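# Descriptive analysis of the structure
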Amino acid sequence: MIEFTIVIPVYNTRDYLRQCIDSVINQLNSTFEIILINDGSYDGSKEICDEYSVYENIEVVHLENGGPSRARNIGMDLANGKYILFLDSDDYLNDNQILMKFSNIFNESCCDMIYGKYDGFVDERYHDCTYKIYPKEIKLRNKDLEGLGIEEVIISLFKHGNYYSSPTIKIYRKELLDENHIRFHEGIYIEDEEWTPEVLLNSKAIYLYEGSFYHRRIRANSIMTTEDDTRQFKKILDMISIAENMIKYTSEMCENTDLVEIYKEHFMNFKYGCISLMKKITSQELSDKALKEIEASFLCQ
């Protein structure tokens, strides 16, 4: 039986893709499949995906460009593994025994999700990088979570600065995602901010993994670092929408009033963050439209 499905959305990452895929292929003592979702690449990534299709445990899907959320959703629908891990195609796993370790954790702890961290690094070709990388550390220990309900666990994650929204540093029981109909919201930026509360609040137990396993590359021309006016404006609209939707969702899902307030503050900060994004917009017309959207969001809160 396949234990792990590794879903890798691929979009124009030719220079990094082989390192990414090989970091999974080289895993020891684990049964896994890789689903490569080529999301309309035109830089040679498509051909690299096809090279790897000769492996029996690698499935390649070619799509017109639709974004990482759609690619991940398709990967989940195709997955045969008991557990799902998402890996971005410019990142890689830095421990060739990590799937074996995760298998042991799932078998011994009966958790719904393994919750980890990433190690960020700047790509050597990204000479103009101004992005600040702060070391991630899991300050909580699993013994600290003993006897706590999931809402108390989430509160502890926030209080210790360990609430991370990235979907790639968590490994999920497929059953959890399927039974609760959890999928990514397609067509928006920072979709992980909707995904993570939904996954956490539907989990019964999580396991904190303190070790290093995921290397996240900061590079030029990625979704995270590209800052043209149209994208910035779209990010502002998406952040406002996510803030409003998730304040409502968490207030309805959470029984713990402290967690309701924590999530409300967390998502209200998105609205304040929109002001910083607006200042990066060079077009006066788009900047004015963004200001109106931000003002309207505060008036209706």
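That block above? That's the structure.
Treat the numbers as computed from the prediction; the structure is a model and nothing was measured. (Residues numbered from 1 in each chain as written. Predicted model: local features only at pLDDT ≥ 70, side-chain atom pairs only at ≥ 80, totals over all residues. Heavy atoms only, no water.)

## Remarks on the overall build of the protein chain
Note the cut-off: Under the DSSP-based scheme used, a helix requires at least four consecutive residues in state H or I and a strand at least two consecutive residues in state E, with every element numbered from the N terminus. The globule rule is 2.2 Å times the number of residues to the power 0.38, and the radius of gyration it is compared with is taken over C-alpha atoms. Note on contacts: a residue pair qualifies if any of its non-hydrogen atoms lie within 4.5 Å across the two residues. Here the accessible surface of atoms and residues is derived via Shrake-Rupley with a 1.4 Å probe, and residues count as covered only by protein chains that are part of the display.
Along its length, the protein chain carries ten helices and ten strands. Whereas a compact globule of 301 residues would reach a radius of gyration of roughly 19 Å, the protein chain reaches 19 Å, a difference of no more than 12%. Principal-axis analysis of the C-alpha atoms gives the protein chain an extent of 55 × 50 × 35 Å. Long-range contacts, defined as pairs at least 24 residues apart, comprise 80% of the intrachain contacts of the protein chain with a sequence gap of at least 6. Only carbon and sulfur atoms are counted for the fraction: they give 47% of the accessible area of the protein chain, which is about 14,600 Å².

## Considerations on helix α8 (residues 229-253)
Structurally, the α-helix is built with 3.6 residues per turn, so residues lying three or four positions apart point the same way. Note the threshold: For a helix, the expected span equals 1.5 Å multiplied by the residue count minus one. Between N or O atoms, a polar contact is any pair within 3.5 Å; within protein, one atom must be a potential hydrogen donor and the other a potential acceptor, and residues adjacent in sequence are included only when both atoms are from side chains.
The end-to-end C-alpha separation of α8 is 35 Å, in line with the 36 Å expected for 25 residues at 1.5 Å each. Capping of α8 at its N-terminal end is provided by Asp 228; its side-chain oxygen lies 3.1 Å from the backbone amide nitrogen of Thr 230.

## Some words on the packing of aromatic side chains
Quick reminder of the rule: Classification of ring pairs uses Phe, Tyr and Trp, with its six-membered ring standing for Trp, and accepts pairs whose centres are within 6.5 Å; under 30 degrees between planes counts as stacked, over 60 as edge-to-face, and the remaining range as tilted. Only protein chains enter the accessibility calculation, which uses a 1.4 Å probe. A residue is then buried if its area is under 20% of the maximum for its type, exposed if over 50%, and partly exposed in between.
Overall, the coordinates contain 20 aromatic pairs when judged by the stated rule. Arranged with centres 6.3 Å apart and planes meeting at 80°, the rings of Tyr 11 and Tyr 42 form a pair that is edge-to-face. Residue Tyr 11 is located in the loop between β1 (4-10) and α1 (14-25), and its partner Tyr 42 is located in the loop between β2 (32-39) and α2 (45-52); the two are separated by 31 residues in the primary sequence. The exposure class assigned to Tyr 11 is partly exposed, which follows from its relative accessible area of 35%.

## A few points about the pairing of strand β8 (residues 170-173)
Here is the rule: Should DSSP find at least two bridges between two strands, the strands are taken to pair.
Of the two faces of β8, the one holding Lys 170 and Tyr 172 and the one holding Ile 171 and Arg 173 are both buried throughout. Two strands pair when backbone bridges link them, and strand β4 (residues 83-86) and β8 are joined in this way by three bridges, in the antiparallel orientation. What sits directly across from Leu 85, in β8, is Ile 171. In the sheet, strand β6 (residues 113-115) pairs with β8 via three bridges, with the strands oriented antiparallel. Residue pairing across strands places Ile 114 opposite Ile 171, the latter belonging to β8.

## Digging into the packing of helix α9 (residues 257-279) against helix α10 (residues 284-299)
Going by this rule: The convention used is that axes are lines fitted to C-alpha atoms, helices contributing only their stretch in contact, and that angles between N-to-C directions extend from 0 to 180 degrees. Our angle categories are set so that under 35 degrees counts as roughly parallel, over 145 as roughly antiparallel, 65 to 115 as roughly perpendicular, and the remainder as oblique. Two helices crossing with the near one rotated counterclockwise from the far one by less than a right angle form a left-handed crossing, whereas a clockwise rotation gives a right-handed crossing. Amino acid classes used here: Ala, Val, Leu, Ile, Met, Phe, Trp, Tyr, Cys and Pro are nonpolar; Asp, Glu, Lys and Arg are charged; the rest, including Gly, are polar.
Running from N to C, α9 and α10 cross one another at 165°; their axes reach a closest spacing of 10 Å. Here α9 lies roughly antiparallel to α10, going by the angle between them. Handedness of the α9/α10 crossing: left-handed. Contacts from Met 268, Lys 271, Tyr 272, Cys 274, Ile 275 and Met 278 in α9 reach Ser 287, Ala 290, Leu 291, Ile 294, Ser 297 and Phe 298 in α10. For the contact of α9 with α10, a count of residues per class yields nine nonpolar, two polar and one charged.

## Looking at the sheet that holds β6
Strand order in this open sheet of seven strands is β3-β2-β1-β4-β8-β6-β9, and the pairing throughout is mixed. Among the strands making up the open sheet, the edge pair consists of β3 (58-63) and β9 (206-208). The average angle at which neighbouring strand axes cross in this sheet is 20°, direction not considered. Pairing geometry for β6 and β9, over three bridges, is parallel. Paired with Ile 114 across the two strands is Tyr 207, which belongs to β9.

## Overview of the sheet that holds strand β10 (residues 214-218)
Reading across the sheet, the three strands line up as β5-β10-β7 and stay open at both edges, with mixed pairing between neighbours. The outermost strands of the open sheet, each flanked by one partner alone, are β5 (92-93) and β7 (119-122). Judged from the four bridges that link them, β7 and β10 form a sheet pairing that is parallel. When the bridges of β10 are listed, Phe 121 appears paired with Arg 217.

## Quick notes on the pattern of salt bridges
Cut-off, in case you're wondering: Any Lys or Arg side-chain nitrogen located within 4 Å of an Asp or Glu carboxyl oxygen qualifies as a salt bridge.
What the rule picks out here adds up to 15 salt bridges. Here Lys 271 makes a salt bridge to Glu 244, at a shortest N to O gap of 3.6 Å. With Lys 271 in helix α9 and Glu 244 in helix α8, the pair connects residues that are 27 residues apart, well separated along the chain. The network of salt bridges with common partners includes Asp 77, Lys 174, Asp 178 and Arg 183.

## Describing the state of the cysteines
Note on terminology: disulfide describes a covalent bond linking the sulfur atoms of two cysteines. Rules: A pair of cysteine sulfur atoms is labelled a disulfide when the two atoms are within 2.5 Å.
A full pass over the atoms with the stated rule returns zero disulfides. Cys 49 supplies the cysteine sulfur nearest to Cys 20, a cysteine that is in no disulfide, at a spacing of 9.5 Å. The exposure class of Cys 20 is buried, given its relative accessible area of 0%.

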